[in-house]
Amino acid sequence: MSPSQPAARLRAVPDPAPATADLDGTHRSVVVVGGGQAGLSVSRRLAQHGVDHLVLEARTAGHEWQDRRWDSFCLVTPNWQCRLPGFPYDGPDPDGFMVRDEITEYLQRFVASFAPPLVEGVRATSLRAGEEGSFRIGTDRGTVTADQVVVATGPYQVPRTPRMAERLPDEVTQLHSSQYRNPEQLPAGAVLVVGTGQSGCQIAEDLHLAGRTVHLATGTAPRVARFYRGRDCVAWLSEMGTYTKGIDQFADAEAVRHKTNHYVTGRDGGRDIDLRRFALEGMQLHGRLTGITGGRLRFAGDLRSNLDGADAVAEGIKDSIDAYIAAQGLDAPAEERTAPVWVPESDEPQEVDLAAAGITTVIWSTGYGRDDRWIELPVFDGRGYPTHERGVTSWPGLYFIGLPWQYTWGSGRFSGVADDAEHLVGRILETRRAARVADGLHWLAGTPSSTFPSDPAEDPDWVAPRSAS
Ligand SMILES: Cc1cc2nc3c(=O)[nH]c(=O)nc-3n(C[C@H](O)[C@H](O)[C@H](O)COP(=O)(O)OP(=O)(O)OC[C@H]3O[C@@H](n4cnc5c(N)ncnc54)[C@H](O)[C@@H]3O)c2cc1C
């Protein structure tokens, strides 16, 4: 099947279907928790190396794309960047942007291409240290043990909504961007979208194109132009090595990891998202939403700086493309820079009365958090975020995959997940080899395996064998 075949051919993504098999007592060399593109990429590599493993998926493989995206959703990254291991995009439109159902189908075909040992409808509820360096994974179908564990539970887990949401009057419908599907789902009236990350901007555009009155509370998210000097900016940046630059090459690595994505869209073949143009067409732009009191919304006076900041980033990216073209002596068409088509009239904080503005719905496009409380191992930082080096934690045998900027820009996206999976599976194999050597020597020499194999200080690539942890 080609990725462009219609949705009717797709397997519907069902509600969580509890696995019927009891997993209690199951042991695998590796257990992968999460059956999205990241967990499945690890599974594909493990299968290639003949490593016995199990993928536990709380719902259905790849369901995030179908269940938590709106109807008009399409990729922001071009199709050619979909590079799942051994399964690159092979459809008719590499420079296009797959829509939601096509992405789901791409993932389904990936699964079918290697038939992973996948158990759907099973949620991991606890992860603890087991005996002799193994792991105990509690699930709603019994306890599974493993020598090594890969956590692939997704970068965007828990919809995050600010507590000021509690102050909205009851008659206002509110939802998180992950619950938005289409304009018809919302009551009649104006809509306030809060947040200008990728979801907020695209949802605001979706409503705007449907003729709804939209208020948009902006933030400091940067933007990027879709095309520049004859090519998609993603193609330029890819050629410039931007997407393969490792996090260890950034002085401000932690800040980079937590930065908001640039806004742009792949809709209708791809275009810029220019909020100023939306304003000209009637969208009500505001600064950051700072408070809700007595049916009134308060916005900071930072709209101008938010728009200027986003544009400055987009122009800076164009500057770097210009510099690259000049340095390489490339023959690329010249392109005029354009002046802002709209500027805010005031820098003052604003207040908007919900009822007077006719706002009946608020869509919180305010991001996601993680919930790793089920992992009862000391690998988290003060914010509860996993600490790791390229997905390898300080706890021997425990890995993460799919984290934003796990190693490169492409980590946590279709473009970089195969490289990350390959790296992790390399570490998993090294650990297995080390453990086997230790066990073999132990058996031959009658020596405690914990004395083998070597001093980690002598070998920077050494990974502790399971028995030595
Ligand atoms: C709005 C939006 C737009 C995006 N657009 C793009 C884009 O254009 N291009 C791009 O490359 N990327 C994009 N991404 C980023 C990324 O590709 C997706 O978020 C992708 O789904 C991440 O894949 P994953 O496998 O890491 O996580 P997920 O797809 O979230 O998969 C994690 C899986 O783990 C399961 N799980 C969670 N907890 C447990 C548990 N305790 N036990 C068992 N299973 C569990 C979940 O059910 C889920 O199926 C976008 C993300 C969002 C939110």
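Quick notes on the rules
- Residues numbered from 1 in each chain as written.
- Predicted model: local features only at pLDDT ≥ 70, side-chain atom pairs only at ≥ 80, totals over all residues.
- Helix = DSSP H or I, 4+ residues; strand = E, 2+ residues; numbered from the N terminus.
- Buried ≥ 20, exposed ≤ 12 C-beta atoms within 10 Å, placed from the backbone.
- Contact = placed C-beta atoms within 7 Å.
- Near = placed C-beta within 6 Å.
- Nonpolar A, V, L, I, M, F, W, Y, C, P; charged D, E, K, R; others polar.
- Pairing = 2+ DSSP bridges.
- Axes fitted to C-alpha atoms, helices over the stretch in contact; angles between N-to-C directions.
- Core = buried A, V, L, I, M, F, W, Y, C linked by C-beta atoms within 7 Å.
- Domains from an automatic or database assignment.
- Expected span 1.5 Å × (residues − 1).
- pLDDT = per-residue confidence, 0-100.

Chemist: Can you explain the overall build of the protein? Please cite residues and give values.
Modeler: A tally of helices and strands in the protein yields ten helices and 21 strands. Across the 469 residues in the protein, those meeting the buried criterion constitute 40%. Excluding contacts between residues fewer than 6 apart, the proportion of contacts in the protein whose partners are at least 24 apart in sequence is 70%.

Chemist: I'd love a proper account of the site of the ligand, names of residues and values included.
Modeler: Surveying the vicinity of the ligand reveals 32 residues, the closest of which are G34, G36, G154, G402 and R413. For the shell around the ligand, the elements supplying multiple residues, two or more each, are α1 (37-48), β2 (53-57), α2 (63-67) and α4 (198-209). When grouped by side-chain class, the residues that make up the shell around the ligand number 13 nonpolar, 14 polar and five charged.

Chemist: Pulling in residues and values, what's your account of the sheet that holds strand β17 (residues 296-299)?
Modeler: Note: strands within a sheet are paired through backbone hydrogen bonds, in either parallel or antiparallel orientation. Read from one edge of the open sheet, three strands run β16-β17-β18, paired in antiparallel fashion. Of all strands in the sheet, those with a lone pairing partner are β16 (289-293) and β18 (350-353), marking the two edges. Shown here is a sheet whose adjacent strand axes are inclined to one another by a mean of 20°, direction ignored. Strand direction decides the pairing type here: β17 and β18, joined by four bridges, are antiparallel. When the sheet's bridge partners are listed, L297 is paired in β18 with V352.

Chemist: Could you give an account of the nonpolar core, naming the residues involved and the relevant values?
Modeler: Membership of the largest hydrophobic core comes to 93 residues, with the highest contact counts inside it found for V31, V42, V149, V150, V193 and I401. Both domain 1 (9-157 + 370-433) and domain 2 (159-368) contribute no fewer than three residues apiece to this core. For V31, the residues in contact, after removing those within four places along its chain, are H53, L54, L56, I137, V144, A146 and V149.

Chemist: Tell me about the pairing of β17, and please be specific about residues and values.
Modeler: What you see with β17 is a clean split: L297 and F299 sit on the buried side and R296 and R298 on the side with no burial. Inspection of the sheet shows β16 paired to β17 by four bridges, in the antiparallel sense. When the sheet's bridge partners are listed, L289 is paired in β17 with F299. Taking the residues between adjacent antiparallel strands as the criterion, β16 and β17 are bridged by two residues, where G294 takes a positive phi near 50°.

Chemist: Provide a residue-level description of the pairing of strand β7 (residues 135-139), including the pertinent values.
Modeler: Residues F135, I137 and T139 of β7 are buried on one face, while the alternating residues R136 and G138, pointing to the opposite face, are not. Pairing analysis gives five bridges linking strand β6 (residues 124-129) to β7, with the strands arranged antiparallel. Bridge assignment links A124 to a residue of β7, and that residue is T139. Hairpin connection between β6 and β7: a loop of five residues separates the two successive antiparallel strands, and E132 in this loop has a positive phi of roughly 50°. Relative to strand β8 (residues 142-151), β7 runs antiparallel, the two sharing five bridges. Directly across from G138, in β8, lies its bridge partner T143. Joining the antiparallel neighbours β7 and β8 is a turn of two residues.

Chemist: Explain the environment of E254 residue by residue, including any values.
Modeler: Turning to its location among the elements, E254 is positioned in helix α6 (residues 253-257). Classification of E254 by C-beta neighbours within 10 Å gives exposed; the count is 12.

Chemist: Which residues make up helix α8 (residues 303-328), and what values go with them?
Modeler: Counted at 1.5 Å a residue, the expected span for α8 with its 26 residues is 38 Å, and the 38 Å between its end C-alpha atoms agrees. Turning to α8, its buried residues number three or more, namely L303, N306, L307, A310, A314, I317 and I321. Of the surrounding elements, those touching the buried residues of α8 are β13 (227-228), α5 (233-239), α7 (275-280) and β15 (284-286). Immediately beyond the C-terminal end of α8, within one or two residues, lies G329, with a positive phi of roughly 65°.

Chemist: An account of the sheet that holds strand β12 (residues 214-217) is requested, with residue identities and associated values reported.
Modeler: Here five strands make up an open sheet; going across it, the order is β10-β19-β11-β12-β15 and the pairing parallel. Both edges of this open sheet fall to β10 (173-176) and β15, since each of them pairs with a single strand only. The sheet shows a mean angle of 20° between the axes of neighbouring strands, taken without regard to direction. As judged from the five bridges shared by strand β11 (residues 190-194) and strand β19 (residues 359-364), these two strands associate in the parallel manner. Looking at β19, one finds that A190 is bridged to I359. Those strands touched by α4 are β11, β12 and β19, and its axis lies near 165° from that of β11.

Chemist: Outline helix α3 (residues 100-114), supporting the account with residue identities and numerical values.
Modeler: An α-helix turns once every 3.6 residues. As a result, residues three or four positions apart point the same way. For α3, with 15 residues, the first-to-last C-alpha span of 22 Å sits near the 21 Å given by 1.5 Å per residue. Within α3 the residues assigned to the buried category are R100, D101, E102, I103, T104, E105, Y106, L107, F110 and V111.

Chemist: Report on the confidence of the model for the protein, specifying residues and quantitative values.
Modeler: Mean pLDDT over the protein: 89, with 88% of residues reaching 70 or higher. Confidence drops under pLDDT 50 across residues 1-17; counting only partners more than four residues distant or on other chains, this segment forms 30 contacts. Taken together, the stretch residues 437-469 has pLDDT below 50 and engages in 45 contacts with residues farther than four places along the chain or on a different chain.

Chemist: Go over the environment of T161 with me, naming the residues and quoting the values.
Modeler: Within the secondary structure, T161 is located in the loop between β9 (158-159) and β10. Note: C-alpha distance between T161 and Y368 (207 residues apart in sequence) is 8.3 Å. When near neighbours in sequence (up to four residues on either side) are disregarded, T161 contacts H176, W364 and T366.

Chemist: Could you give an account of unusual backbone geometry, naming the residues involved and the relevant values?
Modeler: Even without a glycine there, the phi angle at A115 is positive, about 45°. Positionally, A115 belongs in the loop between α3 and β5 (118-120). The phi torsion at D268 lies on the positive side, around 50°, for a residue other than glycine. The residue D268 is located in the loop between α6 and α7 in this model. The exposure class of D268 is exposed, given the 10 C-beta atoms found within 10 Å.

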